[in-house]
Amino acid sequence: MGIQNNVTEFVLFGLFQSREMQHVCFVVFSLFHVLTVLGNLLVIITINASKTLKAPMYFFLSHLSFADMCYPSATTPKMIADTFVERKTISFNGCMTQLFSAHFFGGTEIFLLTAMAYDRYVAICRPLHYTTIMDQWKCGLLAGASWVAGFLHSILQTLLTVQLPFCGPNEIDNFFCDVHPLLKLACADTYVVGLIVVANSGMISLVSFIILVISYMVILLNLRSQSSEGQLKSLSTCGSHIITVLLVLVPPMFMYIRPSTTLAADKLVILFNIVMPPLLNPLIYTLRNNEVKNAMRKLFGVKGFLGKK
């Protein structure tokens, strides 16, 4: 027997039921999304056009900016458009596409941050071998592996969900299609699927977080042997990465490392994860990095752009 699926569309509750709050959401998130796309696009253009930003760190940063530009684009435009309609619906295929896209770009972002942490570890702890270890081929391999790992994570999540039977109700108490609300709607026992989701999403976030924390602890210990100027420069670079890691990894750990249940705070937590890191990352990696600021000045010919060196 095939999957008994009587649901052709899902109804999204959105963030707020109040029309006034929906109008506020339209203004705020439209502005945030435009700034996110333009900010990350600016970083990508600057890195690819500049002759000075050829270090592996900036290669990974351009990939991270692309993922940050695409990640909110999987959900935010639909959320913004839904502020105009009373009944917010999404087709079954559209829902699965949204689920896949959000986890693909979100997962890739996590793996890219891990690759960037490894790059910083080699640069600080093994500086004499840095150019040999982080050559162009290995950087490309790490970036490619991050995208492949993000795809495998997302396709597993999507395949687990799409094969479930949905026979009603079809109302999702969220602003986009995510795995926990969908498991709640399935008319079948989802205990095993829920465990796999925890192992897939939750453990990826937790293990990545532990690896990153350990790597930065090792980096900080190795900084003791450097000069004061070298310590400040390394701390500034690593500080940007640590801020991004906290913004990106803490919300998914809250969302996916627990059993398959939905909480009242879930919408706000996942909204923060989708909106804020992609919006803030261009600021974190430019305002704290003189090389990027100088490259932007030269590229756009604006004196004093982003402050003085």
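- The name given to the chain in an unreviewed UniProt entry is Olfactory receptor, and the organism recorded there is Ceratotherium simum simum.
- Quoted verbatim from the Function (unreviewed entry) field of UniProt, the annotation for the chain is "Putative odorant or sperm cell receptor."
- UniProt lists a comment for the chain under the heading Sequence similarities (unreviewed entry), and it reads "Belongs to the G-protein coupled receptor 1 family."

1. Thoughts on the state of the cysteines
Working step 1: Applying the stated criterion across every chain, the model contains two disulfides.
Working step 2: The side chain of Cys-95 participates in a disulfide bridge whose partner is Cys-177; the two sulfur atoms lie 2.0 Å from each other. Across the S-S bond linking Cys-95 and Cys-177, the dihedral sits near -125°, which makes this disulfide left-handed. Within this pair, whereas Cys-95 is found in helix H4 (residues 92-125), its partner Cys-177 is found in the loop between strand E3 (171-172) and helix H7 (179-185), the two being separated by 82 residues in sequence.
Working step 3: Taking relative accessible area as the criterion, Cys-177 reaches 0% and is therefore assigned buried.
Working step 4: The disulfide partner of Cys-167 is Cys-187, and the gap between their sulfur atoms is 2.1 Å. Of this pair, Cys-167 sits in the loop between helix H6 (136-162) and E3 while Cys-187 sits in the loop between H7 and helix H8 (191-222), placing them 20 residues apart in sequence.
Working step 5: Under the relative-accessibility criterion, Cys-167 is labelled partly exposed at 37%.
Working step 6: Sequence-ordered numbering of the bonded cysteines in the chain gives a pairing of 1-3, 2-4.
Working step 7: With no disulfide of its own, Cys-25 lies closest to Cys-177 among cysteine sulfurs, the gap being 18 Å.
Working step 8: Given the relative accessible area of 10%, Cys-25 is considered buried.

2. Some words on empty space enclosed by the protein
Working step 1: By the definition in use, this model includes four cavities of 30 Å³ or more.
Working step 2: If you add up the space inside the largest cavity, you get close to 210 Å³.
Working step 3: If you list the elements that add at least two residues to the lining of the largest cavity, you get H4, H8, helix H9 (228-256) and helix H10 (266-287).
Working step 4: If you tally residues by element for the lining of the largest cavity, the top one is H4, at six residues.
Working step 5: A class-by-class count of the residues in the lining of the largest cavity yields ten nonpolar, seven polar and two charged.

3. Quick look at the packing of aromatic side chains
Working step 1: All chains considered together, the criterion is met by 14 aromatic pairs.
Working step 2: Here a set of aromatic residues connected by ring pairs shows up, and it is made of Phe-66, Phe-100, Phe-104, Phe-105, Trp-147 and Phe-151.

Conventions adopted
Residues numbered from 1 in each chain as written. Predicted model: local features only at pLDDT ≥ 70, side-chain atom pairs only at ≥ 80, totals over all residues. Heavy atoms only, no water. UniProt positions renumbered as here; feature names shortened; annotations may be inferred. Disulfide = S-S within 2.5 Å. Helix = DSSP H or I, 4+ residues; strand = E, 2+ residues; numbered from the N terminus. Buried < 20%, exposed > 50% of the residue type's maximum accessible area, 1.4 Å probe, protein only. 1 Å grid on protein atoms, 1.4 Å probe; cavity = no way out; pocket = protein on both sides within 12 Å on 5 of 7 lines; lining within 4 Å. Points joined across faces, edges and corners; volume = space filled by probe spheres on them. Nonpolar A, V, L, I, M, F, W, Y, C, P; charged D, E, K, R; others polar. Phe/Tyr/Trp six-rings, centres within 6.5 Å; stacked < 30°, edge-to-face > 60°.

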